[in-house]
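Listed below are the residues making up each chain.
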Amino acid sequence: MKHSLGFFLRESLRAMRRNAAPSFAALATVTVTLIVVGVFIPIVQATTGAANSAAGKVMVDVYMQRHATHAEDARVMGELRRLPHVQRVVFESKAQALAQQRKQDPLAYELLSGNPLPDTFHVYPTAPSAVLAVRAEIADAGGQGQMLDPAIASVSNHTQDTKRLLTVTRFVTITAALLAALLIAASVLLIGNTIRLSLYARRREVEVMKLVGATDWFIRWPFVIEGVVVGAAAAVMAIVTLAVAKVVVLDPLASNWGLISAPRTIGIVPLMFVLLVAGVGVSAVGSGLSLRRFLRV
Amino acid sequence: MIEFRAVTKKYGTGAFGLDEATFSVDRGDFVFMIGSTGSGKSTVMRLLIKELEPTEGTILVAGRDISSIKRRQVPFYRRNIGVVFQDFKLLPNRTVYDNVAYALQVTGHSRKEIRAKVPDILRLTGLSTKLHNYPDQLSGGEQQRVSIARAFVNHPPLLLADEPTGNLDPETSIDIMRLLYRINRTGTTVLVATHDHAMVDKMRRRVLELSRGRVVRDEATGLYTRDESTREFAQRLRSPAEAPQIL
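All of the points below concern the structure found in this document.

**Quick notes on helix 5 (residues 140–152) of chain B**
Argument step 1. Its 13 residues give helix 5 of chain B an end-to-end C-alpha distance of 18 Å, which sits within 8% of 18 Å, the value for a rise of 1.5 Å per residue.
Argument step 2. Counted residue by residue, helix 5 of chain B has 11 buried out of 13 residues, so it is predominantly covered.
Argument step 3. Looking only at helix 5 of chain B, the buried set comprises Gly141(B), Glu142(B), Gln143(B), Gln144(B), Val146(B), Ser147(B), Ile148(B), Ala149(B), Arg150(B), Ala151(B) and Phe152(B).
Argument step 4. Buried residues along helix 5 of chain B sit in contact with helix 8 (203–212) of chain A together with strand 6 (81–85), helix 3 (96–106), helix 4 (111–124), strand 7 (158–162) and helix 6 (170–185) of chain B.

**Some words on the interface of chain A and chain B**
Argument step 1. On the side of chain B, 25 residues touch chain A, which itself brings 25 residues to the contact.
Argument step 2. For the pairing of chain A and chain B, the buried interface totals around 2,300 Å² over both sides, and the portion due to carbon and sulfur atoms is 51%.
Argument step 3. The largest share of the area that chain A buries against chain B comes from Arg18(A), Leu211(A) and Val212(A), three residues that together contribute 26% of it.
Argument step 4. Counting the contacts that link chain A with chain B gives 5 salt bridges.
Argument step 5. For the salt bridge of Arg71(B) with Asp216(A), the shortest nitrogen-to-oxygen distance reads 3.1 Å.
Argument step 6. Our count for the contact surface shared by chain A and chain B stands at 7 residue pairs in polar contact (both at pLDDT 80 or more).
Argument step 7. In terms of residue count, helix 8 of chain A provides more of the side of chain A that touches chain B than any other element does, 8 residues in total.

**Remarks on the pattern of salt bridges**
Residue and element names in this part refer to chain B.
Argument step 1. Within this structure, the stated rule accounts for 21 salt bridges over all chains.
Argument step 2. The shortest N-O distance in the salt bridge between Glu51 and Arg46 comes to 3.5 Å.
Argument step 3. For Glu51, a relative accessible area of 24% corresponds to the partly exposed category.
Argument step 4. Overall, Arg46 belongs to the partly exposed group, its relative accessible area being 32%.
Argument step 5. Measuring nitrogen to oxygen at the nearest pair gives 3.3 Å for the salt bridge that ties Arg123 to Asp120.

**What about the packing of helix 6 of chain B against helix 8 (residues 230–238) of chain B?**
Residue and element names in this part refer to chain B.
Argument step 1. Between helix 6 and helix 8, whose axes approach to 10 Å, the crossing angle comes to 150°. Taken together, the axes of helix 6 and helix 8 are roughly antiparallel relative to one another. As helix 6 packs across helix 8, the resulting crossing turns out to be right-handed. Mapping the contact onto sequence places Glu171, Ile174, Asp175, Met177, Arg178, Tyr181 and Arg182 in helix 6 and Thr230, Phe233, Ala234, Leu237 and Arg238 in helix 8.
Argument step 2. When the residues that make up the contact of helix 6 with helix 8 are grouped by side-chain class, the tally is 6 nonpolar, 1 polar and 5 charged.

**Focus: the pairing of strand 8 (residues 189–194) of chain B**
Residue and element names in this part refer to chain B.
Argument step 1. Within strand 8, 6 of the 6 residues are buried, leaving the element largely enclosed by the surrounding structure.
Argument step 2. On strand 8, burial covers both faces: Thr189, Leu191 and Ala193 on one face and Val190, Val192 and Thr194 on the other are all buried.
Argument step 3. With 5 bridges connecting them, strand 3 (residues 30–34) and strand 8 associate as parallel partners. Opposite Met33, over in strand 8, you have Ala193 as the bridge partner.
Argument step 4. Taken together, the 5 bridges between strand 7 and strand 8 define a ladder with parallel strand orientation. From the neighbouring strand, Asp162 faces strand 8, where its bridge partner is Ala193.
Argument step 5. Since strand 7 and strand 8 lie parallel, the crossover through helix 6 that links them has a hand, and here it is right-handed.

**Concerning helix 3 of chain B**
Residues and elements named next belong to chain B.
Argument step 1. Helix 3 sits mainly inside the fold: 10 of its 11 residues count as buried.
Argument step 2. The set of residues buried in helix 3 consists of Val96, Tyr97, Asn99, Val100, Ala101, Tyr102, Ala103, Leu104, Gln105 and Val106.
Argument step 3. One or two positions beyond helix 3, positive phi appears at Gly108, with a value near 80°.

**Things to note about the environment of Glu228(B)**
Residues and elements named next belong to chain B.
Argument step 1. In this structure, Glu228 sits in the loop between strand 10 (214–219) and helix 8.
Argument step 2. Overall, the relative accessible area of 8% leaves Glu228 in the buried class.
Argument step 3. Those residues in contact with Glu228, other than ones at most four positions away along the chain, are Tyr181, Arg185, Arg205, Phe233 and Arg236.

**Some details on empty space enclosed by the protein**
Argument step 1. Counting across every chain of the model gives 4 cavities of 30 Å³ or more.
Argument step 2. In this structure, the largest cavity occupies an estimated 160 Å³ of space.
Argument step 3. In terms of lining residues, the largest cavity is bounded by 15 residues, among which Leu211(A), Val212(A), Ile81(B), Val83(B) and Ala151(B) are the most central.
Argument step 4. Broken down by element, the lining of the largest cavity gets its largest block of residues, 4 residues, from strand 6 of chain B.
Argument step 5. The volume enclosed by the second largest cavity comes to roughly 120 Å³.
Argument step 6. Taken together, 13 residues line the second largest cavity, and the ones lying closest to its centre are Ile195(A), Ser198(A), Glu226(A), Gly227(A) and Ser287(A).
Argument step 7. Where the lining of the second largest cavity is concerned, the elements lending two or more residues are helix 2 (20–56), helix 7 (159–200), helix 9 (216–256) and helix 11 (268–290) of chain A.
Argument step 8. The leading source of residues in the lining of the second largest cavity is helix 9 of chain A, at 4 residues.

About the cut-offs
Residues numbered from 1 in each chain as written. Chains lettered and ligands numbered in written order. Predicted model: local features only at pLDDT ≥ 70, side-chain atom pairs only at ≥ 80, totals over all residues. Heavy atoms only, no water. Helix = DSSP H or I, 4+ residues; strand = E, 2+ residues; numbered from the N terminus. Expected span 1.5 Å × (residues − 1). Buried < 20%, exposed > 50% of the residue type's maximum accessible area, 1.4 Å probe, protein only. Contact = heavy atoms within 4.5 Å. Buried area = accessible area lost by both parts, 1.4 Å probe. Salt bridge = Lys/Arg side-chain N within 4 Å of Asp/Glu carboxyl O. Polar contact = N/O pair within 3.5 Å; in protein donor to acceptor, adjacent residues only side chain to side chain. Axes fitted to C-alpha atoms, helices over the stretch in contact; angles between N-to-C directions. Parallel < 35°, antiparallel > 145°, perpendicular 65-115°, else oblique. Left-handed = near helix turned anticlockwise from the far one by under 90°. Nonpolar A, V, L, I, M, F, W, Y, C, P; charged D, E, K, R; others polar. Pairing = 2+ DSSP bridges. Right-handed = clockwise from strand over helix to strand, strands pointing away. 1 Å grid on protein atoms, 1.4 Å probe; cavity = no way out; pocket = protein on both sides within 12 Å on 5 of 7 lines; lining within 4 Å. Points joined across faces, edges and corners; volume = space filled by probe spheres on them.

Right, here's the structure in full:
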């Protein structure tokens, strides 16, 4: 190339200096959009994370006969573990169950003389959606309407609850994904439109350049570089704003209030990186593409 | 240098820009194109810089059919043509110096060459003291001189001027015409579109008159001496109009 990067860089800086207002408008738009995206990414993650952790608590409770022996417990444990789609089986003895219940409701259990609770197995499926299949394997072994083992008294019956939970989880996940897609589309359109407006203000300049015999790329490079500079500046401003917000608002809340810190969300460093790449990429590509219609002279 | 062969340009609205216009301009000529608004003068200019494509007919420039020039080559073609407009078309964000330098930057001249050439051409056009002014700080005549300097800095073989004096007072117009004449004397073919009949009559150069897209008059008058100095030329322009001399 006959022209150095330095030349194009000087050209774009000159353009920004002399067209401060449109450049500032583009900068502000990209900054605000990036801040919204930067807030939205962790929120989407937290929501889907919360939904998934709720779904992760889905399990089948297997209650043994009141008089079940240790040998029977061990046998049932083995049988449960061999079932397909079972990830983990946790045993809770009647004594542990009693202690647990007593903690939750001391008064009610003080009235009881003995322990009315059976030994319990908590069976966790490999995936939340497999829970109904696992339940069927235990409560309706071989489709005969019989328990997997005669020592099992009953199996928790939360079919309706489980179905509803799974539906809600799926709904939350899909909604979040849809919102994210909409937000990204809106950001791209908004940024593209702002860039187009600032180019429109300079279409005469482009026309003159073409008449003097400038090639399309000779005209385009300064605009693309300008897009990169504006995008990067906007990303930096958005990142600083978000970082300040995190330290000042979110961190104190998170230490007092478990809910915020509970679901795993994107770290601040990867988030910065995503915003920087998005800001620079969208602005640069946006300027390059928007310029096309003004180059047709 | 330029040859129009039965060139027709129809606009989308159905209006005729040009209607089978045929004429030719020789190398080194100074030609006026006159006609009222809408007669097709600007269409000729825009066809020549390939801003428009003819509906029918052939346009030859320097012996080459310009319809054979591909879109990608148009910028390189335009570098051989200097263009001056009624509204100057200067870059508002650049100084006089940078406006002229841009035409050289486009063609890939080094900064050293630019530093050597730009002051020269600005001296020729009488703008040496306005180097660092922006276009909006200049008078109309000065702006037009900047645009002529920009058009001529590459020393193109062909210079087109579309109503170059349309926005200027008579005295300034004479200066601009004088400048165009001086450029013509360096061997550049100059084609000037204007509706300033008085000026054209005084200049006594070849006149092409267009009306509704047709060439209705083509006077290669021969009334002028080719080697007239620019000073004599200007003096004649300032003198009161003589009786029109008709061949």
